[in-house]
Amino acid sequence: MNKSVGENGHLMIGGVDALELADLYGTPLYVYDVERIRANARAFVETFKSFGVKAQVAYASKAFSSIAMLQVAKQEGLSLDVVSEGELHTALEAGFPVKRIHMHGNNKSIPELEMAVKHDIGCIVVDNFHEITLLSHILDEQQRTMDVLLRVTPGIEAHTHDYILTGQEDSKFGFDLSNGQAEEGFLKIREDKRLRLTGLHCHIGSQIFETSGFRLATRKLISALSQWQRNYNFTAEVLNLGGGFGIKYTDDDDPLEFDQYAKALIEEVKQQSDHYAYPMPEIWIEPGRAIVGDAGVTLYSVGSTKDIPGVRRYISVDGGMTDNLRPALYQAQYEAVAASKMREPATQEVSIAGKCCESGDMLIWNVALPEVSPGDVIAVFSTGAYGYSMSNNYNRFPRAAVVFVEHAEHHLVIQRESFQDLTRLDVSYE
Ligand code: LLP
């Protein structure tokens, strides 16, 4: 969270006054500090480099996909994880190097797979038996081959501080390692001359604050690989350990520095490779939230206030679950400030409400703020991941604009939706 304060007591984002941005572009407004995005990316990339370990850091574009964002990812030498034709289309429009694009999905459609094959992307992460059949058929038709990873569910589910070990993971994603389906999938791919299996993939969860779940997953995957090497003479080139590296939303969150996650993965992959005398594979990871989460701030304007004496004070802002669905969907917690009153003491505890017709449309319960009045700007921090990407038009609110700030300059990178945009797809019925 970048909470620097200007001489005038205003919140500064990437060297620009938040109030100036709100005035210029209107609210609600997503603002990204691009230097922070780059620093987050580099924390991962540089760590692998400094250990001389071959790696790909694939930005999980579901966290926030736009042409400008993917151009920054490209500039930082990241690879890219896409899960749909729409995400792939955005990557192509951004001029993202196709060989660094990986495609995910538990129910990839024929058009999705055809698009991936046509553009000859770097790899497809195969998720299920049906997909093997579809992909094989498409490759036959197009007389092409494709690098694939096999997505396995290792029976580890990680959330923040805990991980749960489940013998057989109840997940819609991937091939189960413990019941033999992963091995069956492996054999099916190996039979197919058009599929070139380069390794395994797993993703154990999101917003993870420790390394033990990742380490355990690494152990399980390399153990399986070593068995398959002995039995089938297959040696993996790649081990993709997914995303899920946690970030700080509030002061209660205490994630590791990003380089610590990378170091732990390197250490564990090295140890396990040594243990099984297995050639060390390339390490691929897929951070989404960690790249963009704490680089994003949402600016809102204050509107009405409702006091319920002895109960609470609601302060309503001009956005809500349309631009940030996470509080309503996951009870996600955020911190907020009054952007023009950074030096004023927080004298009241309030709850920040959105403006949708839905009682659950609350952005933050119980946050300490200075006195605010209509028109004041509130900034909510760490909204860079899964904010814009899960935004919606409930109540036909136009989606907010996105601004990038870097070197104390601001650039509009996604325009605010217009009312014309809202009815653009409607067809008259009279
Ligand atoms: N790789 C795979 C295969 C994934 O499924 C995901 C996230 C990621 C990478 C990136 O995970 P991250 O590093 O961003 O945690 N909408 C939810 C998050 C859903 C994540 C789904 N998969 C949220 O707002 O918290």
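Keep in mind the model is a prediction, meaning the values are calculated, not measured. (Residues numbered from 1 in each chain as written. Predicted model: local features only at pLDDT ≥ 70, side-chain atom pairs only at ≥ 80, totals over all residues. Heavy atoms only, no water.)

### Examining the overall build of the protein
Our working rule: Secondary structure elements follow DSSP: runs of H or I of four or more residues count as helices, runs of E of two or more count as strands, with numbering from the N terminus. To get the radius of gyration, use the C-alpha atoms; to get the globule rule, take the number of residues to the power 0.38 and multiply by 2.2 Å. Relative accessibility under 20% of the residue-type maximum defines a buried residue, over 50% an exposed one, and the middle range a partly exposed one, all with a 1.4 Å probe and only protein chains included.
The helix and strand inventory of the protein stands at twelve helices and 24 strands. Computed over its C-alpha atoms, the radius of gyration of the protein comes to 23 Å, within 12% of the 22 Å expected for a compact globule of 430 residues. Overall size of the protein, expressed as C-alpha extent along the three principal axes, is 70 × 60 × 40 Å. Out of the 430 residues belonging to the protein, those deemed buried represent 55%.

### A closer look at the side chain of glutamate 335
Worth spelling out the cut-off: Each polar contact in these results corresponds to two N or O atoms within 3.5 Å; when the atoms are within protein, one needs to be able to donate a hydrogen and the other to accept it, and residues that are neighboring in sequence are counted only if both atoms are side-chain atoms.
Structurally, glutamate 335 is set in the loop between α11 (326-330) and β19 (336-338). Take glutamate 335: its relative accessible area is 15%, and that puts it in the buried class. Within the structure, glutamate 335 has its side chain in polar contact with the backbone nitrogen of aspartate 251 (distance 2.8 Å).

### Topic: the site of the ligand
To keep it simple, the criterion reads: Any residue with at least one heavy atom within 4 Å of a molecule or strand is counted as near it. Segmentation of the chain into domains, including their bounds, is taken from an automatic or database domain assignment.
The environment of the ligand is formed by 18 residues, the closest being Ser206, Glu286, Arg289, Arg326 and Tyr386. Glycine 244 is positioned such that a nitrogen or oxygen atom in its backbone is 2.8 Å from an oxygen atom of the ligand. Note that a nitrogen atom of the ligand is positioned 2.7 Å from one of the side-chain N or O atoms of glutamate 286. Residues lining the shell around the ligand come from more than one domain, with at least three contributed by each of domain 1 (4-32 + 293-423) and domain 2 (104-286).

### Re the packing of aromatic side chains
Filter applied, for reference: Working definition: a ring pair exists when centres of Phe, Tyr or Trp rings (six-membered ring for Trp) sit within 6.5 Å. Plane angles under 30 degrees give stacked, over 60 give edge-to-face, the rest tilted. Two conditions define a charge located above a ring, namely a distance within 6 Å from the ring centre to NZ of Lys or CZ of Arg, and an angle within 35 degrees of the ring normal.
Counted under the stated rule, the structure contains 16 aromatic pairs. Ring geometry for tyrosine 32 against phenylalanine 404: centres 5.6 Å apart, planes inclined by 65°, an arrangement best described as edge-to-face. Remark: phenylalanine 404 occurs in strand β23 (residues 401-406) and tyrosine 32 occurs in strand β4 (residues 29-33); sequence separation between them is 372 residues. Grouping residues by exposure puts tyrosine 32 and phenylalanine 404 together as buried. Geometrically, the ring pair formed by tyrosine 249 and tyrosine 334 is edge-to-face, given 5.3 Å between the ring centres and 85° between the ring planes. Within this pair, whereas tyrosine 249 is found in the loop between β15 (238-240) and α9 (258-275), its partner tyrosine 334 is found in the loop between α11 and β19, the two being separated by 85 residues in sequence. On the accessibility criterion, tyrosine 249 (5% relative accessible area) is buried. Under the relative-accessibility criterion, tyrosine 334 is labelled buried at 4%. An aromatic cluster is present here, built from Tyr30, Tyr32, Phe64, Tyr388 and Phe404 joined pairwise through their rings. Here arginine 312 stacks its cationic end above the ring of tyrosine 314, 6.0 Å away from the centre of that ring.

### A look at the environment of lysine 306
To be explicit about the condition: The criterion used for residue contact is that any of the two residues' heavy atoms lie within 4.5 Å.
As for its position among the elements, lysine 306 is in strand β17 (residues 296-308). Spatially, the C-alpha atoms of lysine 306 and serine 351 are 10.0 Å apart, while their sequence positions differ by 45 residues. With residues up to four places along the chain from it excluded, the contact list for lysine 306 reads Arg312, Arg313 and Tyr314.

### With respect to the domain arrangement of the protein
Convention followed: The term buried area means the drop in 1.4 Å probe accessible area that two parts suffer when joined, counted for both and summed. Definition used for salt bridges: Asp or Glu carboxyl oxygen within 4 Å of a side-chain nitrogen of Lys or Arg. Residues were grouped as follows: Ala, Val, Leu, Ile, Met, Phe, Trp, Tyr, Cys and Pro as nonpolar; Asp, Glu, Lys and Arg as charged; and all remaining residues, including Gly, as polar.
For the protein, the domain assignment lists domain 1 (4-32 + 293-423) and domain 2 (104-286). Between the C-alpha centres of domain 1 and domain 2 the distance comes to 37 Å. Residue-level contacts link seven residues of domain 1 with five residues of domain 2. Of the roughly 590 Å² buried between domain 1 and domain 2, counting both surfaces, carbon and sulfur atoms make up 51%. Looking only at domain 1, the three residues that lose the most surface to domain 2 are Gln333, Glu335 and Ser382, adding up to 57% of its buried area. Run the count over domain 1 and domain 2 and you get zero salt bridges. Put simply, domain 1 and domain 2 have two residue pairs in polar contact (both at pLDDT 80 or more) between them. Among the residues making up the side of domain 1 that touches domain 2, the classes are represented as one nonpolar, three polar and three charged.

### Some thoughts on the pattern of salt bridges
One pass over the full model with this rule turns up 19 salt bridges. Between arginine 36 and aspartate 294 there is a salt bridge, and its shortest N-O distance comes to 2.6 Å. One end of the pair, arginine 36, is in helix α2 (residues 34-50); the other, aspartate 294, is in the loop between α10 (289-292) and β17, and 258 residues separate them in sequence. Looking at aspartate 294, the relative accessible area reads 12%, which means it is buried. When the shortest N-O distance is used, the salt bridge between arginine 38 and glutamate 406 registers 2.7 Å. Of this pair, arginine 38 sits in helix α2 while glutamate 406 sits in strand β23, placing them 368 residues apart in sequence.

### Things to note about the packing of helix α5 (residues 110-118) against helix α6 (residues 129-142)
Rules: For helices, the axis comes from a line fit to the C-alpha atoms of the stretch in contact; other axes are also lines fit to C-alpha atoms, and the angle between any two N-to-C directions lies between 0 and 180 degrees. Convention used here: angles under 35 degrees read as roughly parallel, angles over 145 as roughly antiparallel, angles from 65 to 115 as roughly perpendicular, and any remaining angle as oblique. For any helix crossing, the convention is left-handed if the near helix is rotated counterclockwise from the far helix by under a right angle, and right-handed if that rotation is clockwise.
Where α5 contacts α6, the axes come no closer than 10 Å and their chain directions differ by 45°. Looking at the two axes, α5 sits oblique to α6. Seen along the crossing, α5 lies across α6 with a hand that is right-handed. Note on element contacts: α6 touches α5 through Glu131, Leu134, Leu135, Ile138, Leu139, Glu141 and Gln142, opposite Ile110, Leu113, Glu114, Val117 and Lys118. Here the contact of α5 with α6 is composed, by residue class, of seven nonpolar, one polar and four charged.

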